[in-house]
Amino acid sequence: MIVDLHRFVAGERDYWTQLESYLNKFETDPRFRMSLEDSRRFHYLYERACAGLARVATFSGEAELRQYLENLVARAYGEIHESRSLSVRLRPLHWLRYTLPQTFRRHARAFLLACLVTVGGILFGTGATIYDPESRSVTMPFGHDALSPSERVAREERGDDRISGHQTTFSSYLMTHNTRVAVLTLALGMTWGLGTLIVLFHNGVGLGAISVDYIMAGQTKFLLGWIMPHGVTEIPAILVAGQAGFLLAAALIGRGQHAPMSARLRAISPDVVTLIIGVALMLIWAGLVEAFFSQYHEPVIPYLGKILFGTVQLVLLILYFAACGRTPEKSKP
Amino acid sequence: MTTRVNTLVIQTPEGIVFSQLLAGPVTRFAAWLVDWACITALALVIQMLLILPALVSPDVGRAMTILSYFGLSIGYGIILEWFWRGQTFGKRLLRLRVVDAHGLRLQFNQVVIRNLLRAVDMLPMLYLVGGVAAVLTRRAQRLGDLAANTVVVRNPKTKQPNLDKLLPDKYNSLRDYPHLEVRLRQHVSAAEATLAVRALMRRDMLEPQARVELFRDIAAHFRQRVPFPAEATDGITDEQYVRNVVDVLYRTRSGGQSAAAK
């Protein structure tokens, strides 16, 4: 019990200041690492502050002092008891070679579910366009219902270059728009996956409706040449975002898992972040390709060349996610 | 609906319990408004800086504006909360901080997830989903906080009352019993002490009858907590008794007000 509070504070203040200066170093420099001696000292100061807090707690009139100590102990507690890796070192090659593909494969079932939902949407959009042509205005996004496929192809092939001189702006718009959609697809996982499911299905409906419209009009080659160069990256990127959304949903629902919800969410959070960073990279690439390559048609770029470019990308993407990172990582000395 | 709490209480393995106040939706919304103003101001500055590239190539200038605003709107929260340990400009101003729900150190993954999930929290407008979630959840968490296992705490600056005005230097009969003084400090909680001070500060605003009744109840409560001998309490009013109790709780024998303030 403290009899003379002033004497107690005068005796302890130096220790609290030392602890505070350690904490300030942690907070201002994320790369700050303590020596063994520093660690011992830090632990001692933390325990001393804890003991001080326990003693001050009996002083009802010292709310300010108690709050100061609680704040100090709370900050130090996080540093002392954190056992997770704190490293955020940038190792982009390692991340690309191992972390992203391994994370993707670890949650392949969630990706499969995203694919199935999108395929469901594609089938719905296809059926709607075939059996109810009036549905074009509802199912086709970005004003695709305004022109028939033949009219669109004729206009594109005339060399009516709508984005000439604006390619960079168009590219950046595509990157940001698609990334926003991907982030929303992920975030809606917090609606027990229902929102993610709706976004993926909706994407599938638009894709199916437009595709079948062009196929029925005999413009399959144009469609593939137009969609494939960027679509083979963009569509899988949205599917991976859906995969991340379903991961969140699975952790939220926790079917068959005994850990509490907070532990489940904590466990999958690194994987969710890995997947969404991968999605962002894929969408940056897709945005560049769409603005600078996909929007140019015959006679500027032959369709066969565009289809070939898309096919090569697709094969590489499949190989990357299926095979990359299967070799054991080299252990660091 | 779960029972709401307004503090994050953590017990350390050493057996020490500490608590931090949780920030409510209104304070957090105010911090977001400040952050939104900062993002807008930064975007304007960037736009002005991009005038030069725009003169060279308007296409590149426009693209850089779109990309920089996008990067700013997503990266602002992530970068500041990571480097300032859970704080942005708005949170600093309102003395808020994002912390791990278990009191542990905030991880980069947590910062990224809580910021990306703003996309769903801000639906349909003005953080309605996030606000409703913060009202409904036990620890005032929006969906991003739930997914990232984080909470937002606030560290209000406690203002010590000016006791010199409240407690004139008069003889305090309770001071004649040092052992009971110590016992009083031990047994009275911070909330009870604050209540007594507030009653004294607002005493002139009370109706005479209400004032008498209020101080009678408070004095009875403190008398029950630690009984002082009759010679220490006889002849003084209930209000004076409460004043003497506050004097014992807040002032040291040497006349100092707050040890922490020194």
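Residues numbered from 1 in each chain as written. Chains lettered and ligands numbered in written order. Predicted model: local features only at pLDDT ≥ 70, side-chain atom pairs only at ≥ 80, totals over all residues.

Attention shifts here to the domain arrangement of chain B. Under the domain assignment, chain B is made up of domain 1 (7-154) and domain 2 (163-250). Computed over C-alpha atoms only, the centres of domain 1 of chain B and domain 2 of chain B are separated by 45 Å. (Domains from an automatic or database assignment.)

This next bit is on the domain arrangement of chain A. According to the domain assignment, chain A consists of domain 1 (5-81) and domain 2 (92-323). The straight-line distance from the C-alpha centre of domain 1 of chain A to that of domain 2 of chain A is 51 Å.

Let us now look at the interface of chain A and chain B. Between chain A and chain B, the contact holds 55 residues from the first and 54 residues from the second. Breaking the side of chain A that touches chain B down by element, the ones donating at least two residues are α1 (5-28), α2 (36-56), α3 (63-81), α8 (167-187) and α11 (261-294) of chain A. Of all the elements, α3 of chain A adds the most residues to the side of chain A that touches chain B, at 13 residues. Partitioning the side of chain A that touches chain B into residue classes produces 28 nonpolar, 18 polar and nine charged. (Contact = placed C-beta atoms within 7 Å. Helix = DSSP H or I, 4+ residues; strand = E, 2+ residues; numbered from the N terminus. Nonpolar A, V, L, I, M, F, W, Y, C, P; charged D, E, K, R; others polar.)

The next point concerns the environment of Ala134 of chain B. All names here are of chain B. Its place among the elements puts Ala134 in helix α7 (residues 128-136). C-alpha separation for the pair Ala134 and Asp121, spaced 13 residues apart in sequence, amounts to 10.0 Å. In this structure Ala134 touches Pro25, Arg28, Ala140, Gln141 and Arg142, once residues within four positions along its chain are discounted.

Moving on to the sheet that holds strand β3 (residues 96-100) of chain B. Consider a sheet: its strands pair through backbone hydrogen bonds, and that pairing is either parallel or antiparallel. All names here are of chain B. Strand order in this open sheet of four strands is β1-β2-β4-β3, and the pairing throughout is antiparallel. Each having just a single partner strand, β1 (7-11) and β3 make up the two edges of the open sheet. Strand after strand, the sheet turns through a mean of 45° between neighbouring axes, direction not considered. Bridge analysis of β1 against strand β2 (residues 17-22) gives five bridges, and the strand direction is antiparallel. Each bridged residue has a counterpart across the sheet, and for Leu8 the counterpart in β2 is Gln20. (Pairing = 2+ DSSP bridges. Axes fitted to C-alpha atoms, helices over the stretch in contact; angles between N-to-C directions.)

Another point: the pairing of β1 of chain B. Burial along β1 of chain B is one-sided: the residues Leu8 and Ile10 of chain B are buried and none of Thr7, Val9 and Gln11 of chain B is. Connecting β1 of chain B to the next strand, β2 of chain B, in antiparallel fashion are five residues, including Gly15 of chain B with a positive phi near 90°. (Buried ≥ 20, exposed ≤ 12 C-beta atoms within 10 Å, placed from the backbone.)

This brings us to helix α14 (residues 238-250) of chain B. At 3.6 residues per turn, the α-helix brings residues three or four places apart onto the same side. All names here are of chain B. The end-to-end C-alpha distance of α14 is 18 Å, a good match for the 18 Å that 13 residues give at a rise of 1.5 Å each. Counting buried residues in α14 gives eleven out of 13 residues, a clear majority hidden from the surface. The complete set of buried residues in α14 reads Asp238, Tyr241, Val242, Arg243, Asn244, Val245, Val246, Asp247, Val248, Leu249 and Tyr250. (Expected span 1.5 Å × (residues − 1).)

Looking now at the nonpolar core. Within the largest apolar cluster, 94 residues are counted, with the highest numbers of intra-cluster contacts made by Ala49, Val73 and Ile276 of chain A. In this structure, Leu174, Val197, Leu200 and Phe228 of chain B belong to the second largest nonpolar core, which totals 19 residues. (Core = buried A, V, L, I, M, F, W, Y, C linked by C-beta atoms within 7 Å.)

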